[in-house]
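# A closer look at the structure
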There are 6 protein chains.
Amino acid sequence: MSTQDMAHKLTETVEALSEPSSLKGLFHQHKDGYPLPSSTALEDIIQLARAILFPGYFGKSQVNVKTIKYQIGVNVERLQKLLAEQILAGMCFADNDDNTEKKPSADTCILRDLETLKKESKEMATELISRLPAVRRILATDVVAAYNGDPAATSMAEILACYPVIKTLTIFRVAHELFTMGVPLIPRMMTEIAHSETGMDIHPGATIGPSFTIDHGTGVVIGETCIIGKNVKLYQGVTLGAKSFPLDEHGNPIKGIPRHPIIEDDVVIYANATVLGRVTIGKGCVVGANTWVMDDMAPQTKIYNKNK
Amino acid sequence: MSTQDMAHKLTETVEALSEPSSLKGLFHQHKDGYPLPSSTALEDIIQLARAILFPGYFGKSQVNVKTIKYQIGVNVERLQKLLAEQILAGMCFADNDDNTEKKPSADTCILRDLETLKKESKEMATELISRLPAVRRILATDVVAAYNGDPAATSMAEILACYPVIKTLTIFRVAHELFTMGVPLIPRMMTEIAHSETGMDIHPGATIGPSFTIDHGTGVVIGETCIIGKNVKLYQGVTLGAKSFPLDEHGNPIKGIPRHPIIEDDVVIYANATVLGRVTIGKGCVVGANTWVMDDMAPQTKIYNKNK
Amino acid sequence: MSTQDMAHKLTETVEALSEPSSLKGLFHQHKDGYPLPSSTALEDIIQLARAILFPGYFGKSQVNVKTIKYQIGVNVERLQKLLAEQILAGMCFADNDDNTEKKPSADTCILRDLETLKKESKEMATELISRLPAVRRILATDVVAAYNGDPAATSMAEILACYPVIKTLTIFRVAHELFTMGVPLIPRMMTEIAHSETGMDIHPGATIGPSFTIDHGTGVVIGETCIIGKNVKLYQGVTLGAKSFPLDEHGNPIKGIPRHPIIEDDVVIYANATVLGRVTIGKGCVVGANTWVMDDMAPQTKIYNKNK
Amino acid sequence: MSTQDMAHKLTETVEALSEPSSLKGLFHQHKDGYPLPSSTALEDIIQLARAILFPGYFGKSQVNVKTIKYQIGVNVERLQKLLAEQILAGMCFADNDDNTEKKPSADTCILRDLETLKKESKEMATELISRLPAVRRILATDVVAAYNGDPAATSMAEILACYPVIKTLTIFRVAHELFTMGVPLIPRMMTEIAHSETGMDIHPGATIGPSFTIDHGTGVVIGETCIIGKNVKLYQGVTLGAKSFPLDEHGNPIKGIPRHPIIEDDVVIYANATVLGRVTIGKGCVVGANTWVMDDMAPQTKIYNKNK
Amino acid sequence: MSTQDMAHKLTETVEALSEPSSLKGLFHQHKDGYPLPSSTALEDIIQLARAILFPGYFGKSQVNVKTIKYQIGVNVERLQKLLAEQILAGMCFADNDDNTEKKPSADTCILRDLETLKKESKEMATELISRLPAVRRILATDVVAAYNGDPAATSMAEILACYPVIKTLTIFRVAHELFTMGVPLIPRMMTEIAHSETGMDIHPGATIGPSFTIDHGTGVVIGETCIIGKNVKLYQGVTLGAKSFPLDEHGNPIKGIPRHPIIEDDVVIYANATVLGRVTIGKGCVVGANTWVMDDMAPQTKIYNKNK
Amino acid sequence: MSTQDMAHKLTETVEALSEPSSLKGLFHQHKDGYPLPSSTALEDIIQLARAILFPGYFGKSQVNVKTIKYQIGVNVERLQKLLAEQILAGMCFADNDDNTEKKPSADTCILRDLETLKKESKEMATELISRLPAVRRILATDVVAAYNGDPAATSMAEILACYPVIKTLTIFRVAHELFTMGVPLIPRMMTEIAHSETGMDIHPGATIGPSFTIDHGTGVVIGETCIIGKNVKLYQGVTLGAKSFPLDEHGNPIKGIPRHPIIEDDVVIYANATVLGRVTIGKGCVVGANTWVMDDMAPQTKIYNKNK
């Protein structure tokens, strides 16, 4: 192939790839003046949240008791700014697409003007920040649970410094607050960052009580409508998923139906167990490794997978 | 230990570590003038491919319909350059090693001169680019499959913006084209980047039909000689692997024998199922979670793992 | 909410988050003059170790036989510096916390002065470096095992360039040496980096013989007190974990008790198998995929998970 | 001084430095939602302008004739975006300050709403871009003048690649267009970047004809109201400055009065000459090195500084 | 030249360049545990000082009145840390050299132990910070002087945002405080950063009163023992230098003798004037451009350079 | 202006700017496979040269006598690689242009094949490196001259750490070697980096003897054909330039004619003096500040600029 032929081939391909019909549903045309959802910004947000919640463990600066208010103050201010931008981005991103034919043509993002949306985004970011003290309190119970649940852990500091479950739960608990506030897209992007970092895929919609821990954690899946009580422990590879889901008259899955398990207090679920559907695993149950559970379990019962 | 003793110990260790015999098979001597395979370059290549295939979802620049051709043009040009370099690097890297005693001493990379290899690399990069419109078309079917397969997904935009399956399949489908063109090393390095990012290990040699999706995905393994039909759905932790493999007379595994499953159209395989060997899972089968499948399954059949 | 109200809410939250009681156990006050454990520094350490052990495969510089001693010399010098800092950071970090009420109030880190600790850290870094030639030798057997164990591998170079098992084992084998030398925190932080990168969670305390390999690897867990013989092969999702653990009189798990499996030579464990407790899997055993093993296996036996 | 005393001293200083009265006139309170003038953004703007005007000499990408339109298209699009932001920043920055007591309290920036200002900024950025073909044409004459004026120059390429006069004039000629369009602050910030880079301080308000060159250039000063004809050559250290300036009734300098020299066509001014005030240096004059000129010079005359 | 010959030549050169005698006086052997003087750290220090002194004009963060204390608090804390390190580096750097044969063999840096030096450095950094409110007050007079002295300036904001004289004086006034506190090397390194950025070379030892300004500034030199009153204005290229200096019995220049001009209040010195030696330029004098002054000037006198 | 109008205006401008005729002489079409001259690479080269010549003063690594050979070895290897690339870039850059109509159409760069050029570049880089020991020896005399020439200098270390004259002369003396070896473009680009950094513009073709120093230095110009003896000292703003230059029959300046001053041993030239043309300033002369010299000066004479 001559250089000329290659150039020709490239030019033709550029034409083909720029053809509007070839881009249908795969192209995001950005509205001028709106921020874009940004993984990098979300990673900064996560770092800021960690630095605010666990000062000295995360964040670049050295911290001491006398000046910690300066540090938290600066981090809170910056968190508000970045988060408001990303919330705004999330509010318009999905709406702004020509991909989803099911949604009404009247675009909510267009109906409300940019200034209103900006104000709302800022209020939501402020609301999230005001919830951080409570988020820190519940995370403190998770740290203790992780320490008590692992004989290999030598100190609380080790848990905070390197246990993936704490990294994931910090992101999840913040993302969950955003989810309950109705912020679209952004909470899910945040938990996907945790998913990529630790292999634990916890949907931001899940409801998870205090003193929760996951050991090792790779491969864990916790679905959107899960309800998890307090003092629950999971091991790696555990799935709390949906069995199947009803379709609407167009053959599309009906969204928002409760379809994931309810896990009551004090349950332990061992490695690679798969619990599917809106079943209830009663208080104090033990689910053995590599089991497949599709039915309710009475409180204080156990299930194991026996090999031949 | 005195400072002098430490310095002495270090110097001795440097000597030991530089000793040619200690480096045998673990040392890559780079041929002057040839590019090195580079994870960083491959990550740039992946970003460019994403920005070309899904403009506005990936890539730094804001995009609008009028100027999209400029963006795609610049990205295509840069993709060609980077890809040609990495293809060239791949072509010489493996050959260039003293590690593999099995390979003939006549080094194909030495036999063909650098200029010829450069020209070939450029042609292959051009060829890959010319396949991108088709790659985009098949990925479009995967996006729809992911959307239809997950009630938690609220829009196509969400799928494109944050679902790990799309990140992985974009890399896989590009790497697969390079694999079928005979590019060594590079396709595998690309899918390992996806593996690290999403926990899904899809060999670039696998054949995968349209409308394919994987939910959650962590722990999924799809082997080199797999053949997957259309409209197949996998869940996290599914292995499509090899059972065992014959050895040659020297006790080395014989390469290239079909040894992974054939999955026909419309199959669903639930979490943590393990399908091993050149078995055929017939059209419309359902493989339950945590099962171990080593035999063919007739079309439209189901298999479950029952616990005691 | 007015701008004033938002500012007020933020200020109140900063107060709440800076309140000493709210920070109890979640705050790391850094001792002036001591280095902090740093993921970034540990990643540099890992890159240096890889560049020293496998020159030309890792590290930025091009390498040739004549000048390799310069490269290794510079990398060794820098490794010593960075590692000594991180060892020092590890020695003081856990001690420095107010989190762990169980530990004696007499802080060993305070008792010994900074200069002594610095000297010790430097000696330990030097000691680690002096073990690198042996680390390289055992890693060389792992590379061969990975090559022989995967028909999809086309060359040793491919193994070294992109197989996640080699990335993980390089980190593990270095971290294990630090663990046996008594370095706190740092070895675990290093293996968590590998865990995040490859989904394989190998505790630095585990004892692993030569010619060890893990195929694909996502979801693998190897516990602290595991003992693994030579020529063992694992597949993705395999857990070598603890069954349960005795509590002390305060209800805390007793640390340091042998509680993970012993895997003898020549064992193969297939995908997603879960082996729990201080059981012995005898020489030459085969553990099938998706099994749950809680008892000893006699040498040369096999176990499979049969579905209905 | 004890650690406590130091902490106390720092805290007191923070208080003192945060005291509003101490900040009077030295503090820039940013209006929410407005971009800030940014040296970094301006440096990007300058790089983009250079890459558009002299493709292949500046800018990261390799360029060829076939695809140059893609490159210029992408660069133009990005230039418009960055420039519009900086123009907006400039329009509000000065107004937004409490420093300048002379300016009317009715803040023009507040009177016009943000959306109007954004639209204007975008139009001005577009207008600037539409002038770039003309800017390139006049810069082409400067390149020839630099080449002809320096026997040490071996090629036009050398002029474009490394002569500081071209770097400076590219910035000046772009900044001058912005100045004539009434953009505040930004043009001056741009020429100060050139000043720092090359030591040539050309005010963006100066009027400079084609085929202009400055040899070496360090220390050159060209004032705001200078008018320079065509084919003029300056050497390093030449000042075209103001003699003195009238004050208004408050003792403040009256702004905007013509107070710098008029240099007619074909003039050469040698090193370190200082020409001050609204004098006219006639066509074809030669001003010797180290002279001080405060009077008109008739066309074709020469002046020298004779030493004893 | 064959590849072998080249390699040989390189190896020989490495030997020659590593030869201790060839390094005599040109080699800095770093004492383990001591920080190195670092241009990068000094640039960070300068950025922090600017952000503290003129919040909102410099520094990345957006600032508002309510939260400015957080910002200044964080910046002050970081400034103390960085500055203490660099002061320590400066205290040992010069002493640590084998270059200067004149200095006594008893190394003050060795005599005092590291901990004492660290404490002193921290105290000096704290002292510098406690002087910043006064530094801001005098810089405020310089800003006004620059504004009043330039008809081209349109606002105070423009002065603060882009006038090189303010950049330089901010560095100078901070460096001067360090100089008067006896910090070696570091003040000079700081003013050399200003020199490189703006072309103004002001020795940190010079004494400069309030309301000082320099227009344009490139090429200005102000020597170590200069004393400048209040309300003085210089133009570009002005030298306040030394005439000649007495040598000691070994032919070395005697250090520390007053040898630069005294400039009294209200003096104006025009472009490229050179004032040399310990002369006094009386109150209210005007020194014309391109003059060479080596004698005292009585108050209110003028001097001009007349050309032929 | 409507958004549509703006888009139209931009598109038209892109067309205009891409028009081949508008690019004539201002466009650099890069030959595929050839490196580009790169300021960034040249800055790396300068940093490497400084780190090799003055270890411990420049370069990131800490250095000690025992391991200095590793450091120099690595730096030398990297310098050779980078320099060979830039020499190659320089050899083709100028030739590759359509700008210079005077040059023969037979492009020397095309006549000689790439491999030959690469080999030559590598040899030239090696040759340069082999001259570094001699370069260090002469720079050592310059360091002493700077120390002896400035009463404000407190140690040799201060000279090496922050005097701009040493930064400039290091670049100049390396660039001069490349210039004498016939490397095009690159030496000039290197001295322009020094020019921008320090305000001293020394042409790489100038011949400068040992023990040379420049105090302060901003604004100094030393022309291509200057010859400077030993023990010469210049002050800031001194020009050693060309008077005028003969034109050829086409009106172009004739290149390469000796046209700059000869400065004999032991000359001192004070601030802002301008010496023009092929004059000889005899041994031991003193040229006063702000003088303009266009005639020979007999040895041991002095010249001053007397003001009225």
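Cut-offs applied
- Residues numbered from 1 in each chain as written.
- Chains lettered and ligands numbered in written order.
- Predicted model: local features only at pLDDT ≥ 70, side-chain atom pairs only at ≥ 80, totals over all residues.
- Heavy atoms only, no water.
- Helix = DSSP H or I, 4+ residues; strand = E, 2+ residues; numbered from the N terminus.
- Buried < 20%, exposed > 50% of the residue type's maximum accessible area, 1.4 Å probe, protein only.
- Areas by Shrake-Rupley, 256 points an atom, 1.4 Å probe, with all protein chains shown as cover.
- pLDDT = per-residue confidence, 0-100.
- Contact = heavy atoms within 4.5 Å.
- Buried area = accessible area lost by both parts, 1.4 Å probe.
- Salt bridge = Lys/Arg side-chain N within 4 Å of Asp/Glu carboxyl O.
- Polar contact = N/O pair within 3.5 Å; in protein donor to acceptor, adjacent residues only side chain to side chain.
- Nonpolar A, V, L, I, M, F, W, Y, C, P; charged D, E, K, R; others polar.
- Axes fitted to C-alpha atoms, helices over the stretch in contact; angles between N-to-C directions.
- Parallel < 35°, antiparallel > 145°, perpendicular 65-115°, else oblique.
- Left-handed = near helix turned anticlockwise from the far one by under 90°.
- Disulfide = S-S within 2.5 Å.
- Domains from an automatic or database assignment.
- Pairing = 2+ DSSP bridges.
- Least-squares fit on C-alpha atoms with pLDDT ≥ 70 in both.

With that settled, consider the overall build of chain A. Counting secondary structure elements, chain A contains 10 helices and 14 strands. Buried positions account for 63% of the 308 residues belonging to chain A. For chain A, the exposed surface amounts to about 10,900 Å²; the carbon and sulfur share of it is 56%.

Moving on, we get to the confidence of the model for chain A. Overall, the predicted model of chain A reaches an average pLDDT of 88, with 90% of residues at or above 70. Taken over the whole predicted complex, pTM reads 0.91, whereas the ipTM for its chain interfaces reads 0.90.

Quick look at the interface of chain A and chain B now. A common way to report how large an interface is uses the accessible area buried once the components associate. Every contact between the two is made by 60 residues of chain A and, on the other side, 61 residues of chain B. Roughly 5,100 Å² is buried in total at the junction of chain A and chain B, and carbon and sulfur atoms are behind 61% of that figure. Area buried by chain A at its contact with chain B is led by Leu17, Leu26 and Trp292 of chain A, which between them contribute 15% of it. Inspection of the region where chain A meets chain B yields three salt bridges. Here Lys69 of chain B ties to Glu15 of chain A by a salt bridge, and the two come within 3.2 Å at their closest N and O atoms. Seen at the junction of chain A and chain B, the total is 13 residue pairs in polar contact (both at pLDDT 80 or more). Secondary-structure elements contributing two or more residues to the side of chain A that touches chain B are α1 (3-18), α2 (20-23), α10 (186-198), β10 (274-276) and β13 (292-293) of chain A. A total of nine residues in the side of chain A that touches chain B trace back to one element, the largest contributor, which is α1 of chain A. When its residues are assigned to classes, the side of chain A that touches chain B shows 23 nonpolar, 24 polar and 13 charged.

Attention shifts here to the packing of helix α7 (residues 132-149) of chain C against helix α9 (residues 164-180) of chain C. In helix packing, the relevant descriptors are the interaxial angle and the interaxial distance, both defined with respect to the helix axes. Residues and elements named next belong to chain C. Two numbers describe how α7 lies on α9: the axes approach to 10 Å, and their chain directions differ by 150 degrees. By the angle class used here, α7 and α9 are roughly antiparallel. By crossing handedness, the relation of α7 to α9 is classed as right-handed. The residues of α9 that touch α7, namely those facing Leu132, Val135, Ile138, Leu139, Asp142, Val143 and Ala146, are Val165, Ile166, Leu169, Thr170, Arg173, Val174 and Glu177. Of the residues that constitute the contact of α7 with α9, the class distribution is 10 nonpolar, one polar and three charged.

Taken as a whole and assessed by the stated rule, the structure comprises zero disulfides over all chains. Cysteine Cys162 of chain C shares no disulfide, and the gap to the nearest cysteine sulfur, in Cys92 of chain B, comes to 17 Å. Free of any disulfide, Cys226 of chain D has its nearest cysteine sulfur in Cys285 of chain D, 15 Å distant. Taking the relative accessible area as the measure of exposure, Cys226 of chain D reaches 1% and is therefore buried.

What follows concerns the domain arrangement of chain A. Residue and element names in this part refer to chain A. Once the domains are mapped, chain A shows domain 1 (33-199) and domain 2 (206-308). Listed as interface residues are 17 residues of domain 1 and, on the opposing side, 18 residues of domain 2. Buried surface at the junction of domain 1 and domain 2, summed over both partners, amounts to about 1,200 Å²; 52% is from carbon and sulfur atoms. Inspection of the region where domain 1 meets domain 2 yields zero salt bridges. There are eight residue pairs in polar contact (both at pLDDT 80 or more) connecting domain 1 and domain 2. Mapped onto the side of domain 1 that touches domain 2, the elements with two or more residues apiece are α7 (132-149) and α9 (164-180). Element by element, the count of residues in the side of domain 1 that touches domain 2 is highest for α9, at seven residues. Looking at the side of domain 1 that touches domain 2 residue by residue, the classes come out as eight nonpolar, five polar and four charged.

On to the sheet that holds strand β12 (residues 286-287) of chain F. Residues and elements named next belong to chain F. Here five strands make up an open sheet; going across it, the order is β3-β6-β9-β12-β14 and the pairing parallel. The open sheet terminates on both sides in strands that have one partner only, identified here as β3 (213-215) and β14 (302-303). When β12 meets β14, the two strands line up parallel, connected through two bridges. In the sheet register, Val286 faces β14, and the bridge partner there is Lys302.

We now examine the interface of chain B and chain C. At the interface, 60 residues of chain B touch 61 residues of chain C. Where chain B abuts chain C, roughly 5,200 Å² becomes buried across the two surfaces, and 61% of that area is made up of carbon and sulfur atoms. Together, Leu17, Leu26 and Trp292 of chain B form the three largest contributors to the area buried by chain B at its contact with chain C, with a combined 15%. Where chain B packs against chain C, one counts three salt bridges. The salt bridge partner of Glu127 of chain C is Lys9 of chain B, with a shortest N-O separation of 2.9 Å.

Once that is clear, we can look at the pattern of salt bridges. Residue and element names in this part refer to chain C. Counted by the stated rule, this structure contains 84 salt bridges over all chains. In this structure, Glu85 and Lys81 form a salt bridge, with 3.1 Å as the shortest nitrogen-oxygen distance. Highlighted residues: Glu85 and Lys81, both in helix α4 (residues 68-93), separated by four residues, approximately one helical turn. Judged by relative accessible area, which is 33%, Glu85 ranks as partly exposed.

A separate point is unusual backbone geometry. Located in the positive-phi region is Leu185 of chain A, a residue other than glycine, with phi close to 65 degrees. Looking at where Leu185 of chain A falls in the secondary structure, it is placed in the loop between α9 and α10. Under the relative-accessibility criterion, Leu185 of chain A is labelled buried at 9%. With a phi close to 65 degrees, Asn231 of chain E is a non-glycine residue in the positive phi region. Looking at where Asn231 of chain E falls in the secondary structure, it is placed in the loop between β5 (227-228) and β6 (233-235).

Turning our attention to the relation of the copies chain A and chain B. Copies of the same chain, two in number, are related to each other by a rotation about an axis and a translation along it. Taken as rigid bodies, chain A and chain B are interconverted by a rotation of 120 degrees and an axial shift of 0.0 Å, the fit giving an RMSD of 0.0 Å. Accordingly, the operation relating the two chain copies is best matched by a three-fold axis. An overlap of only 10% is found between the interface residues of chain A and their copies at the interface of chain B, pointing to separate contact surfaces.

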